[in-house]
Amino acid sequence: MRRDNTDEGLDGTRGSTHIVRADIPGEDDVQEVSLRPQLLDEFLGQRAVKENLSVFIGAARERRESLDHLFLIGPPGLGKTTLAEITARELGADFKVTSAPALDKPKDLAGILSTITPRTVFFIDEIHRLKPAIEEMLYIAMEDFELDWVIGQGAAARTVRIPVPHFTLVGATTKAGMVSSPLISRFGIIQRFDYYAAEELAAIVRRSAGILKCAVDDDAALLIASCSRGTPRVANRVLRRMRDFAQVYGDGVVTLAVVRDGLQRLGIDSLGLERYDREILRSIISRFGGGPVGADTLAISIGESMDTLEDYYEPYLIQCGLLQRTPRGRVVTPKAYEHLGIKPGAAQETELSLFD
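Let me begin by describing the structure that accompanies this report.

About the cut-offs
- Residues numbered from 1 in each chain as written.
- Predicted model: local features only at pLDDT ≥ 70, side-chain atom pairs only at ≥ 80, totals over all residues.
- Heavy atoms only, no water.
- Helix = DSSP H or I, 4+ residues; strand = E, 2+ residues; numbered from the N terminus.
- Buried < 20%, exposed > 50% of the residue type's maximum accessible area, 1.4 Å probe, protein only.
- Areas by Shrake-Rupley, 256 points an atom, 1.4 Å probe, with all protein chains shown as cover.
- Phe/Tyr/Trp six-rings, centres within 6.5 Å; stacked < 30°, edge-to-face > 60°.
- Lys NZ or Arg CZ within 6 Å of the ring centre and 35° of its normal.
- Salt bridge = Lys/Arg side-chain N within 4 Å of Asp/Glu carboxyl O.
- Expected span 1.5 Å × (residues − 1).
- Bend = angle between axes of the 7 residues up to and from the residue.
- Contact = heavy atoms within 4.5 Å.
- 1 Å grid on protein atoms, 1.4 Å probe; cavity = no way out; pocket = protein on both sides within 12 Å on 5 of 7 lines; lining within 4 Å.
- Points joined across faces, edges and corners; volume = space filled by probe spheres on them.
- Nonpolar A, V, L, I, M, F, W, Y, C, P; charged D, E, K, R; others polar.

Quick notes on the overall build of the protein chain
Along the protein chain, the regular secondary structure elements total 13 helices and 11 strands. Of all 356 residues assigned to the protein chain, the portion counted as buried reaches 44%. Here the protein chain has roughly 17600 Å² of accessible surface; of this, 50% comes from carbon and sulfur atoms.

Some points on the packing of aromatic side chains
Tallying each qualifying case throughout the model produces five aromatic pairs. The ring of Y139 carries R186 above its face, with NZ or CZ at 4.2 Å from the centroid. One residue, R275, lies across the ring of Y276, its end atom 4.7 Å from the ring centre.

Regarding the pattern of salt bridges
All told, the structure shown has 15 salt bridges when counted by the stated rule. In this structure, the salt-bridge partner of R89 is E85, at a minimum N-O distance of 3.6 Å. Taken together, the positions of R89 and E85, both in helix α2 (residues 80–91) and four residues apart, correspond to about one turn of that helix. Classification of E85 by relative accessible area gives buried; the value is 10%. Between R325 and E314 there is a salt bridge; the shortest N-O distance is 2.7 Å. Taken together, the residues span a long stretch of sequence, with R325 in strand β10 (residues 323–326) and E314 in helix α12 (residues 306–319) at a distance of 11 residues.

A short note on α12
For α12, which comprises 14 residues, the first-to-last C-alpha distance of 19 Å matches the rise-based estimate of 20 Å (1.5 Å per residue) to within 8%. By the largest-angle criterion, Y313 marks the main kink of α12, which is about 40 degrees, and a proline, P315, follows within four residues. Of the surrounding elements, those touching the buried residues of α12 are α7 (218–226), α10 (275–288), α11 (295–302), β10 and β11 (329–332). Once α12 ends, the next one or two residues include G321, with phi positive near 75 degrees.

Topic: the layout of surface pockets
Within this model, the second largest pocket holds a volume of roughly 250 Å³. With three residues, the top contributor of residues to the lining of the second largest pocket is α12. When its residues are assigned to classes, the lining of the second largest pocket shows seven nonpolar, two polar and five charged.

Okay, here's the thing in structure tokens:
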């Protein structure tokens, strides 16, 4: 499949969307072989999502219809974009992708939908950030497969409806609560992604190592998995770095010893916490007496944006049982003190070895 990086809108401008053609083979990436699975059978984890989607895709393919609109919810890095592209490939349809912030005006959306082919899978990432005017235009396109377009100005203005081919909208979001109810109600299929278990991530690491032509021991793969925040994207990133360490400091095989040393060098501890994760916990303990502290105050204290704090760091800290969100603010748990080697009430904390 070939990916074209830009396309033209109704106004002749070049946009930020790109299209993957189902009928034209793609060129190999000279920098790195893609670790993303290409087919549904290759997609590891998220078993319930995958099984349900397999049924829906199979039924749509047999009827030669476009798949019903699909809404994917979950934290970043779990494979929402990958699954959307797999859906298009399994349907034998074109794949067009953009993000909500890139759709600045209604004509941007109109330009995309006016150029799609029948049964195209149209993927919008961060769909919770759609502007109201674009969202309202999308309602009609999703239900009636038509676009409302205003011709003329003032008293002479009139609205015409432009038909568009039947397509499948795939919307992805990390913040389902920010998506309006009218928009959610227009999706016929809603699937939620969960964090991956360590065994699932270990299987992904072994698959990726095979693609990268990198030997990895099973116990090393499991350690990488356990330190990857339940996220395939992080697991693949860590695997690439361990491959580098194994190549420079070892014999090219990613062993348990290589991974332990590599994680220590990268500042990733046994729970998968990075420097900023630990900084968040220490800041709450040393500056705010263990909490509660508001998210905006905490973000300022560590020099991060509140969105990054809430979307990337906090979910995993909460999942690990190190942090709690309360009505009054964020509070660290006794497990956080234990993990950091800090005695409750102590003025100075001591850093333990990352794997003690």
